[in-house]
Amino acid sequence: DLVSRAPDSVTPSRSKTRLDVVQSGVEALDMLLAGVLAAVSLVASGSVLRGLANAAVVVSHQPREHRLEEARTIFEQVLEAELGPLDTPVNAASTLGDLALIAYDLNEFDAADDYARRAMDIYRQHDAAELDAACLLRNTMAMIANERQQPQLALDLYTESLEISQRLRGPNHPTTLTTRANLA
């Protein structure tokens, strides 16, 4: 009969756990799909390198640890292509900033600091030190400074980023809000 073949009864707590797992999986798939669509859009618009970089971001947010290494490899390839003719230095700075975040997530703070400094040097050389990406890079540099036990440098970087973002974008811009939260 059907009752004897039915699986163990499902308790409310087991049901909740299963639903949480399913919801987590759906959220991960949504994020993956959004990233893939953004990458496809960038490739379709002719920005193949940015599309690859965006795909690397998607890869880096997957649950397995080795995905960060895969993302780093993609970003390094994009950076090499961007720095080749030097016609897209701000894109190269953005890619270096992404590499800094990956190195930070891998607890490779010396490498993260090197990538971040190289990126900021490019932004400054090309009068782009007040772009959104450069403001966010200051936040990354501040996080690195915190990890390296340099709280005053971190505070200075967060403060500089907040001042620039408030002046150029206003108090409710996402970069301003992120920086304000980091400073708190």
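Preceding this section is the structure that the text describes.
Residues numbered from 1 in each chain as written. Predicted model: local features only at pLDDT ≥ 70, side-chain atom pairs only at ≥ 80, totals over all residues. Heavy atoms only, no water.

## Description of the environment of L96
Among the secondary structure elements, L96 is positioned in helix α5 (residues 89–105). A residue is classified by how much of its surface remains accessible, and L96, at 0% relative accessible area, is buried. Along the chain, L96 and A116 lie 20 residues apart, while their C-alpha atoms are 6.5 Å from each other. (Helix = DSSP H or I, 4+ residues; strand = E, 2+ residues; numbered from the N terminus. Buried < 20%, exposed > 50% of the residue type's maximum accessible area, 1.4 Å probe, protein only.)

## Some words on the environment of M141
Along the chain, M141 turns up in helix α7 (residues 132–147). Take M141: its relative accessible area is 12%, and that puts it in the buried class. Separated by 37 residues in sequence, M141 and Y104 place their C-alpha atoms 9.6 Å apart. Ignoring sequence-local partners within four residues, the contact set of M141 consists of A116, R117, M120 and L157. (Contact = heavy atoms within 4.5 Å.)

## Things to note about the nonpolar core
With 28 residues, the main nonpolar core has Y115, A116, Y123, L137 and M141 as its most contacted residues. At the level of secondary structure, the elements contributing two or more residues to this core comprise α4 (67–83), α5, α6 (109–125), α7 and α8 (151–169). With 8 residues, the single largest contributor to this core is α6. (Core = buried A, V, L, I, M, F, W, Y, C linked by side-chain atoms within 4.5 Å.)

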